[in-house]
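# Structural description and commentary
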Amino acid sequence: LVFDWLQLECERPAFAVEFAEARLRTRIGPLSFKMRMDRLDRLPGGELILIDYKTGNNLSKKNWLEMPPQEPQLPLYALSIDPVPDAICFAQVRPDKMGFIGIGREQLLDGIEEQRNWKELPGQWKESLELLAQKYVDGDTRVFATETPFGRTDSLAPLHRFAEQDQLKRWLQSKDLDK
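In short, a report on the structure. (Residues numbered from 1 in each chain as written. Predicted model: local features only at pLDDT ≥ 70, side-chain atom pairs only at ≥ 80, totals over all residues. Heavy atoms only, no water.)

### Re the overall build of the protein
- Per the secondary structure count, the protein includes four helices and six strands.
- Helices (α) and strands (β) of the protein occur, in sequence order from the N terminus, as α-β-β-β-α-β-β-β-α-α.
- Taking all 179 residues of the protein together, 34% fall into the buried category.
- Taking as baseline every contact in the protein between residues at least 6 positions apart, the subset at least 24 positions apart corresponds to 54%.
- With an accessible surface of roughly 11,500 Å², the protein has 51% of that area assigned to carbon and sulfur atoms. (Helix = DSSP H or I, 4+ residues; strand = E, 2+ residues; numbered from the N terminus. Buried < 20%, exposed > 50% of the residue type's maximum accessible area, 1.4 Å probe, protein only. Contact = heavy atoms within 4.5 Å. Areas by Shrake-Rupley, 256 points an atom, 1.4 Å probe, with all protein chains shown as cover.)

Encoded structure:
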């Protein structure tokens, strides 16, 4: 898996790893965060690409475009760096899928989709995450309905695994554990 990933990296245009496993601190509204960013690459033209390694299968860049972002990890990293990077992306490292999945001011890598509103996005992230942080501090901890990978939209879907019960039962039956 590592060899395959390194092959993909070798095929990329020139870049330098600016930071790896960098510790970040940021403040969003009344909340402070300590984080560890996987990687920040610098291209020969000076562009910065924030990269977060993932082995998951359901990676989506659309979650960064909703306000507040449904997956705020990379937007938080981006807001913690000065200057804000020119792109954010997942590095998907799986035996069946390898590549980058992200957004940026332009297509700096295969898999990074150009966002015409890139200059406005960091401000939108900051504003919406500060509002969310303030609501949390004020005691508003409601769980909002979000569609799960299983199609559930009830308000408790992020907290339970009811939708997975059928899959688990089928798996247990296939193993015939009673023998």
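Continuing now.
### A word on the pattern of salt bridges
- For the structure on display, the rule yields 13 salt bridges.
- In this structure, the salt-bridge partner of Glu9 is Arg39, at a minimum N-O distance of 2.7 Å. Of this pair, Glu9 sits in helix H1 (residues 2-11) while Arg39 sits in strand E2 (residues 31-42); the two residues are 30 residues apart in sequence, bridging distant segments of the chain. A single burial state applies to Glu9 and to Arg39, both of which are buried.
- Across the pair Lys61 and Glu113 runs a salt bridge, and its minimum N-O distance is 3.6 Å. Remark: Glu113 occurs in strand E6 (residues 112-114) and Lys61 occurs in the loop between strand E3 (48-54) and helix H2 (73-79); sequence separation between them is 52 residues.
- In this structure Lys61 comes out as partly exposed when scored by relative accessible area, which is 24%.
- A cluster of three or more residues bridged by salt bridges with shared partners is formed by Glu9, Arg12, Arg39 and Asp41. (Salt bridge = Lys/Arg side-chain N within 4 Å of Asp/Glu carboxyl O.)

### What to know about the pairing of strand E4 (residues 87-93)
- With respect to burial, E4 is a largely interior element, seven of its seven residues being buried.
- Across six bridges, E3 lies against E4 in parallel orientation. If you follow Tyr53 over to E4, its bridge partner there is Ala91.
- Viewed along the sheet, the connection from E3 through H2 into E4 turns out right-handed.
- Strand direction decides the pairing type here: E4 and strand E5 (residues 98-104), joined by seven bridges, are antiparallel. (Pairing = 2+ DSSP bridges. Right-handed = clockwise from strand over helix to strand, strands pointing away.)

### Details of the sheet that holds E5
- The strand order E1-E2-E3-E4-E5-E6 describes an open sheet built from six strands, whose pairing is mixed. Strand pairing shows two members of the sheet lacking a second neighbour, strand E1 (16-28) and E6, which therefore form its edges. Averaged over all pairs of adjacent strands, the angle between their axes in this sheet comes to 35°, without regard to strand direction.
- Where E2 lies against E3, four bridges are found, and the strand directions are antiparallel. Each residue of the ladder has a partner; that of Leu40, found in E3, is Leu50.
- Relative to E5, H1 is tilted by about 50°, and along the sheet it contacts E2, E3, E4 and E5. (Axes fitted to C-alpha atoms, helices over the stretch in contact; angles between N-to-C directions.)

### As for the environment of Lys34
- Along the polypeptide, Lys34 turns up in strand E2.
- The class for Lys34 is exposed, based on a relative accessible area of 66%.
- Look past the residues within four positions of Lys34 in its chain and what remains in contact with it is Leu24 and Arg25.

### What to know about the nonpolar core
- If you look at the biggest cluster of nonpolar residues, it comprises 23 residues, and the most contacted ones within it are Met37, Leu50, Ile88 and Trp125.
- Those residues in contact with Ile88, other than ones at most four positions away along the chain, are Leu50, Trp64, Leu74, Pro75, Ala78, Ile101, Gly102, Ile103, Trp118 and Trp125.
- In this structure, Ala87, Ala91, Val93 and Ile112 belong to the second largest nonpolar core, which totals twelve residues. (Core = buried A, V, L, I, M, F, W, Y, C linked by side-chain atoms within 4.5 Å.)

### What to know about helix H3 (residues 121-137)
- Helix length check: H3, at 17 residues, gives a terminal C-alpha distance of 24 Å against a target of 24 Å (1.5 Å per residue), a fit within 8%.
- The elements touched by buried residues of H3 are E1, E2, H2, E4 and E5.
- With its phi angle positive at about 100°, Gly139 sits one or two positions after the end of H3. (Expected span 1.5 Å × (residues − 1).)

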